[in-house]
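Close look at the chain arrangement
What follows is each chain in one-letter form.
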Amino acid sequence: MISHLNSNSGRNRFIDNVTVMKFIKRLFFLLKLMFPSVCSPTSLLFLLLLCTSLLEQVVIYQIGIIPSKFYKTLSEKDNIGFQHELIMASILIVSIAFIHSTMLYMASILYIRWRELITRFLHNLYFKGTAFYNVNIRDKCIDNPDQRITQDVDKMCNTLSQIIAVLLISPFTIGYYIYQAWTSTGYIGPLSVFIFFLIMTTINRFLMSPVIRYFVKQEKKEGDFRYKHMQIRSHAEAVAFYRAGNIEWSKANHKMDELITTQHRLMNRKYALNFSIQLADYIGSILSYVAIAVPIFAGKYDALSNADLSALISKNAFVSIYLISCFTKLIDMSISVSDIAGAAHRICQLIESLNEYTFEDDSYGPKESVYTVDEAQAVNSTSTLISANTNSVVSIEEITTVGYRIKDLMYCLPTTDEVMLKGLDLTISPKINILITGESGCGKSSLLRVLGQLWTNYSGSVERFVPIGPNGMFYLPQKPYFTNGTLREQIVFPAKIKKPSQDQDINHYLECADLTAVVGRVGGLDTSQDINWFDVLSPGEMQRLSFVRLFYHKPHFAALDEATSQIGLQAESTMYNLCRELGITVLSVGHRESLKQYHDCQLHLDGKGGWTLTDIKPTELG
């Protein structure tokens, strides 16, 4: 039994050491982001902050011994000396106020700059390729990426900016005040303070460990609770139609209860830590007098006058109390360090996950293998390309006649081994529209995800001869997406407005989609408003505006996932006919029988991995 307990104890110590080392490693990684180079603005500003902090300690010492000088001048009734000390005290007080305010200002600037640097680094990873999709949809280990990027980064940078200068100069400050205490009390003063600090630090180390653990849990529960309310806000109308207020009330309260329970547990553990910290503060306030009492009662200072002895006691009291304050300040910062450790852990977890998905995106077939039709025609005809996700070599001439070539494709749900489709052979060529049908959940939209490189766990090959995006295969998802910005920005999305667009074409497409009223509703194409487009537009208007976006870009291919499910048959006919006029080849997912008339062949999925590809005959459209 004893050996078993020893084994568990040793394992727990090993886990704690590994956790500490991981925290240190992660913190150093974040520090590299915060200090890009020795001469970077943050490095120079931090160096200035350190120098100002050292200057603050010098001024604090001079202010600390002012009472001892007042004791002496007042005891000796030295009027001139008293006036001199009063002037010096006034100058020092103004100086410390200016220095401290300047330090707070520089720390605030550092905090803002650090947050910007880390957030930009995270954004670079988050928005690279489809990493944001993977970390939100596929990765079940990373909770609330949005909270980690916004709140956790903010909390870590803000807290670190407030304590980092104190942490770094503390060894120098402590060393100086140990020397000052030694000259007054001998070894008893510094030794008693050190033993006191050692005992309290050991206690706080054990008390801080569960605080860090529950801090991480609290952040997760906080994000879950916030997400639930965001979910209600985004789908308020649907919830209202369902009259589901009661059930959502119950679910929101359940999320709140989980958060409150975690917060209570965190507070319980913080209570013990705070008690230890407060105890250290007040014990420290009397320890200085105990230390100076030893040499006084031993007769070391019997030769001093009452005035000089009073000045010495006052000075030593300040030195000892400030030395204890330096130690207890480190203990006080243990809570801040625990907050930093928890936030750094969550931030670096996200970075590590994003790096994995970024590597996956980079290794998912050579990006240089994809050309637009126009680019392909401009390349020397003797050139060759390596197709995406295969090692086969493809002639440039084939690109002008083929968009995708799929061979023996099999794919599964990303989180399971459930086969959605297997053995698919399909060529997607210009001017041949394909309709994908099947029961719900059979894998229709999943096929578009595979073609769009959102899912990668499949066998077989997908040879891609056009890029994904406005210049090749353009996707209209089942749920239209609109970013913040003007109406013109919604239309040109995902491109940026670099020069004035052809308003004539845009207005024509808006008229075809019966959206001219929307232009007046929002005040024009370029009226800058903070518009929530999901509130301004009806579901049908959102789908039609997505088609305007499609017409604006005129891609060679378009994947339409239930893109007309919210609009009428007449509008559907207008949308598909305009696609044909603009030379856009469509790959549609849908259930409506009316869709067949706009397609040349039908790919039917049976939901068990099987499929059939048949031509759509004119007789089927009657």
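Here is a short report on the structure shown in this document.

So, how was this worked out
- Residues numbered from 1 in each chain as written.
- Predicted model: local features only at pLDDT ≥ 70, side-chain atom pairs only at ≥ 80, totals over all residues.
- Heavy atoms only, no water.
- Helix = DSSP H or I, 4+ residues; strand = E, 2+ residues; numbered from the N terminus.
- Buried < 20%, exposed > 50% of the residue type's maximum accessible area, 1.4 Å probe, protein only.
- Contact = heavy atoms within 4.5 Å.
- Areas by Shrake-Rupley, 256 points an atom, 1.4 Å probe, with all protein chains shown as cover.
- Phe/Tyr/Trp six-rings, centres within 6.5 Å; stacked < 30°, edge-to-face > 60°.
- Lys NZ or Arg CZ within 6 Å of the ring centre and 35° of its normal.
- Patch = residues over 30% accessible without salt bridge, like charges linked within 9 Å, V, L, I, M, F, W, Y side chains within 5 Å.
- Salt bridge = Lys/Arg side-chain N within 4 Å of Asp/Glu carboxyl O.

Here we take up the overall build of the chain. Tallying secondary structure elements over the chain gives 18 helices and 11 strands in all. Considering the chain as a whole, with its 622 residues, one finds that 45% of them fall into the buried category. Residue pairs in contact within the chain that sit at least 24 positions apart in sequence constitute 75% of those at least 6 positions apart. Surface accessibility of the chain: about 33000 Å² in total, with carbon and sulfur atoms responsible for 60%.

Another point: helix H12 (residues 444-451). In terms of burial, H12 is largely enclosed, as seven of its eight residues are buried. Directly beyond the C-terminal end of H12, a positive phi value near 65 degrees is found at Gln453.

Our focus in this paragraph is the packing of aromatic side chains. Two numbers describe a pair of aromatic rings. These are the distance of the centres and the angle of the planes. The tally for this structure, following the rule as stated, stands at 12 aromatic pairs. Here the aromatic rings of Phe35 and Trp114 are separated by 5.6 Å at their centres, their planes lie at 75 degrees, and the arrangement is edge-to-face. In this pair, Phe35 is assigned in the loop between helix H1 (2-34) and helix H2 (41-64) and Trp114 in helix H4 (residues 79-126), connecting sequence segments 79 residues apart. Residue classification places Trp114 among the buried residues on the basis of a relative accessible area of 0%. Of the aromatic side chains, those joined through ring pairs into one cluster are Tyr509, Phe547, Phe551, Tyr576 and Tyr598. Above the ring of Tyr214, the side-chain terminus of Lys217 is found at 4.7 Å from the ring centroid.

Mapped onto the elements of the fold, Ile277 is located in helix H9 (residues 245-297). By relative accessible area, Ile277 is classed as buried at 5%. For the pair Ile277 and Thr201, spaced 76 residues apart in sequence, the C-alpha to C-alpha distance is 9.5 Å.

On to a nonpolar patch on the surface, then. On the surface, a nonpolar cluster with roughly 800 Å² of combined accessible area is contributed by Trp182, Tyr187, Leu191, Phe194, Ile195, Leu198, Ile199 and Ile203. When you line up the elements, Ile199 lands in helix H7 (residues 188-234). By relative accessible area, Ile199 is classed as partly exposed at 46%.

That bond from Phe493 to Pro494 is cis: its omega, 10 degrees, falls within 30 degrees of zero. Note on placement: Pro494 falls in the loop between helix H13 (487-492) and helix H14 (503-512). Positive phi, normally seen in glycine, also occurs at Asn144, with a value near 50 degrees. Mapped onto the elements of the fold, Asn144 is located in the loop between helix H5 (131-138) and helix H6 (145-185). Relative accessible area serves as the criterion here: at 10%, Asn144 is assigned to the buried category.

Honestly, that's just the spatial picture; any functional story needs more than this.
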